[in-house]
Amino acid sequence: MFYILLCTVTVIVLSGFTFLHGKRFGALPEGERLERVLHSPNYRDGAFQNEEPTMHMTVNQDSARQGRFKTIVKFVFGKKPEGRMAEKGEVTVVRSDLRQLDPREDVYVWLGHSSYLLQLSGKTFLVDPVFYQGSPVSFVNKMFPGTDYYKPEHMPEVIDYLVITHDHWDHLDYRVVKEMKGRVRHVVCGLGVGAHFERWGYAPDQLIELDWNEEAPLTEYEALTPDSTQCRVVCLPSRHFSGRGFKSNQSLWASFMIETPSGRVFIGGDGGYDGRFKRFGEQFPVIDLAILENGQYDQRWAQIHTLPEQLGQEMSEMGARRYITVHHSKFCLANHSWREPLDNERRAAEESGKELIVCQIGEIVKL
């Protein structure tokens, strides 16, 4: 009996070790990349740090402090509030032919949650594509019925820039980036995230890997604008965290400002409210479109995701001409109703007096 028990425990431990070291978990920075990380002004005490002191887990409504692991277990296995999950047919998905986009048109196509496609002056940007699963295991964090329609085969033949705001599972889908490897020209990501892509077969010269406040030219536009300073990506701070396994904050979470012949687009990524929105508005007096996080919020993690009452304030402080919100309508990562972010965005736009673009998953929105 002892031998059988020992063998069983050994098999479980080895299986867990093998799983946690599988390719889908990516890799930690090493070599020259690690040296760059260690010299980053945003890396201190063995991890990347937010600009402002930030708690991953804050005080909950019962005024009891909960750890990250306990909160996740309670969320996954605890009682689910009514309306949290979308039922079949509740989320509208438009089946558009994204392989036949007119290159003369600037368009935005939301693909659910924080995944979207941008075509700007004939070049394609695919942001945080998650088409298969948003967690390490398929039975956790399932997509709402019908929202899993879009897959790599539906994307344009060439993706000029694959943009990854951070390496969380609901923003970086291993299977997607593997399947699209031969179709992606460049990857734009925060410092350290490139380690995952190199383990997954991407070449170092494909990676535009930036620290906060660093910038790089968008070389695919050189034929259109020889002055590369007119077409660039600027890596900007966010207020969040990173990690695909047990070790957090070894790669950088970020937002990005994309400047092309079509104008200036802000890719917000995930993050709680802080003073950066006002600063971005001052740094970039003209922002044609800002795409902000809206959804998966909770008072228990109030500093790493935008709360409903903060969304209008972010819009006002950034001062962009138009807004789109994402991070909703595909997964359930919080206890609020899945419909709540849709109400939040309209209310925030009214409060701030800003123009809001509201669209369905898969709908081709002309910019």
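Residues numbered from 1 in each chain as written. Predicted model: local features only at pLDDT ≥ 70, side-chain atom pairs only at ≥ 80, totals over all residues. Heavy atoms only, no water.

Student: Would you mind showing me how to read the overall build of the protein chain here?
Tutor: Of regular secondary structure, the protein chain possesses eight helices and 16 strands. Put simply, of all contacts in the protein chain between residues at least 6 apart along the chain, 72% involve residues at least 24 apart. Total accessible area on the protein chain is roughly 16700 Å²; 53% of this is exposed by carbon and sulfur atoms. (Helix = DSSP H or I, 4+ residues; strand = E, 2+ residues; numbered from the N terminus. Contact = heavy atoms within 4.5 Å. Areas by Shrake-Rupley, 256 points an atom, 1.4 Å probe, with all protein chains shown as cover.)

Student: Sorry if this is basic, but what is going on with helix α7 (residues 308-318) here?
Tutor: What sets the pattern is the α-helix's 3.6 residues per turn: residues three or four places apart point alike. Of the residues making up α7, those classed as buried are P308, Q310, L311, G312, E314, M315 and M318. Looking at the buried residues of α7, the elements they touch are β12 (263-267), α6 (276-283), β13 (289-293), β14 (322-326), α8 (340-352) and β15 (355-356). At the exit of α7 stands G319, carrying a positive phi of roughly 70°. (Buried < 20%, exposed > 50% of the residue type's maximum accessible area, 1.4 Å probe, protein only.)

Student: What's the story with empty space enclosed by the protein in this structure? I'm lost.
Tutor: The rolling of a water-molecule-sized probe over the atoms marks out the regions of remaining empty space. Counted under the stated rule, the structure contains three cavities of 30 Å³ or more. Looking at the largest cavity, its volume works out to about 60 Å³. Forming the walls of the largest cavity are 14 residues, and the residues nearest its centre are S114, Y116, D128, G269 and V326. Looking at the lining of the largest cavity, its residues break down into five nonpolar, six polar and three charged. (1 Å grid on protein atoms, 1.4 Å probe; cavity = no way out; pocket = protein on both sides within 12 Å on 5 of 7 lines; lining within 4 Å. Points joined across faces, edges and corners; volume = space filled by probe spheres on them. Nonpolar A, V, L, I, M, F, W, Y, C, P; charged D, E, K, R; others polar.)

Student: How should I be thinking about the layout of surface pockets in this particular structure?
Tutor: Of the voids in this model, the second largest pocket is the one considered here, and its volume is about 340 Å³. Along its surface, the second largest pocket is lined by 21 residues, and F25, L28, R244, G245 and F246 are the ones closest to its centre. Of the residues assigned to the lining of the second largest pocket, the class counts are six nonpolar, 11 polar and four charged.

Student: Explain the packing of α6 against α7 to me, please; I cannot follow it from the model alone.
Tutor: In contact at an axis separation of 7 Å, α6 and α7 are set at 25° when each is read in the N-to-C sense. Considered as vectors, α6 and α7 are oriented roughly parallel to each other. The two elements α6 and α7 meet at a crossing, and its hand is right-handed. In this structure, α6 contributes F277, K278, F280 and G281 to the contact, and α7 contributes E314, E317 and M318. Tallied by class, the residues present in the contact of α6 with α7 amount to three nonpolar, one polar and three charged. (Axes fitted to C-alpha atoms, helices over the stretch in contact; angles between N-to-C directions. Parallel < 35°, antiparallel > 145°, perpendicular 65-115°, else oblique. Left-handed = near helix turned anticlockwise from the far one by under 90°.)

Student: Would you take a moment to explain the pairing of strand β5 (residues 123-127) for this structure?
Tutor: Consecutive side chains along a regular strand alternate between the two faces of the sheet. Of all five residues in β5, five are buried, a share of seventy percent or more. Burial along β5 is two-sided: the residues K123, F125 and V127 and T124 and L126 are all buried. As defined by bridge partners, strand β4 (residues 116-120) adjoins β5 across five bridges and the pair is classed as antiparallel. Counted as the bridge partner of Y116 is V127 from β5. Direction of pairing for β5 relative to strand β6 (residues 159-164): parallel, over a ladder of three bridges. Its bridge partner being in β6, L126 is matched across the sheet by L162. (Pairing = 2+ DSSP bridges.)

Student: Before we go on, may I ask you to explain unusual backbone geometry in this structure?
Tutor: Comment: phi is negative for the bulk of residues other than glycine, and the bulk of peptide bonds are trans. One non-glycine residue, D128, adopts positive backbone phi at about 45°. Looking at where D128 falls in the secondary structure, it is placed in the loop between β5 and β6. Residues other than glycine seldom take positive phi values, yet S329 does so here, at roughly 75°. Structurally, the position occupied by S329 is in the loop between β14 and α8. Residue class for S329 comes out buried when judged on its relative accessible area of 5%.

Student: So what exactly am I meant to see when it comes to the state of the cysteines here?
Tutor: Each disulfide is one covalent bond, formed between the sulfur atoms of two cysteines. Scanning all chains against the criterion turns up zero disulfides. Cysteine C235 is unpaired, with the sulfur of C189 as its nearest cysteine sulfur at 8.9 Å. (Disulfide = S-S within 2.5 Å.)

Student: It is not clear to me how the nonpolar core should be interpreted in this structure. Could you clarify?
Tutor: Buried together is how nonpolar side chains tend to be arranged in soluble globular proteins. Membership of the largest hydrophobic core comes to 68 residues, with the highest contact counts inside it found for Y108, L162 and F197. A per-element tally of this core places β6 first, with five residues. Aside from chain neighbours lying at most four places away, what touches F197 is L162, I164, L172, V177, V187, Y202 and L207. Judged by nonpolar contacts, the second largest core, of 19 residues, contains V234, L311, M318 and A349. (Core = buried A, V, L, I, M, F, W, Y, C linked by side-chain atoms within 4.5 Å.)

Student: Can you walk me through the sheet that holds β15 in this structure?
Tutor: Strand order in the open sheet formed by seven strands is β9-β10-β11-β12-β13-β14-β15, and the pairing between neighbours is mixed. The sheet is open, and its two borders are formed by β9 (215-217) and β15, each paired with just one other strand. Judged from the three bridges that link them, β12 and β13 form a sheet pairing that is parallel. What sits directly across from V265, in β13, is L289.

Student: Looking at this model, I keep getting lost on the sheet that holds β4. Mind explaining?
Tutor: Adjacent strands of a sheet pair through backbone hydrogen bonds, lying either parallel or antiparallel. Strand order in the open sheet made by the seven strands is β8-β7-β6-β5-β4-β3-β16, with mixed pairing throughout. Two strands lie at the open edges of the sheet, namely β8 (207-210) and β16 (364-366), each paired on one side alone. Adjacent strand axes in the sheet meet at a mean angle of 20°, parallel and antiparallel pairs treated alike.

Student: Looking at this structure, how should I read a positive patch on the surface?
Tutor: On the surface, K23, K178, K181 and R199 cluster together into a patch of positive charge. With respect to the helices and strands, R199 occurs in helix α5 (residues 194-199). On the basis of relative accessible area, R199 is assigned to the partly exposed category, the value being 33%. (Patch = residues over 30% accessible without salt bridge, like charges linked within 9 Å, V, L, I, M, F, W, Y side chains within 5 Å. Salt bridge = Lys/Arg side-chain N within 4 Å of Asp/Glu carboxyl O. Lys, Arg positive; Asp, Glu negative; His and termini not counted. Charge placed at Lys NZ, Arg CZ, Asp CG, Glu CD.)

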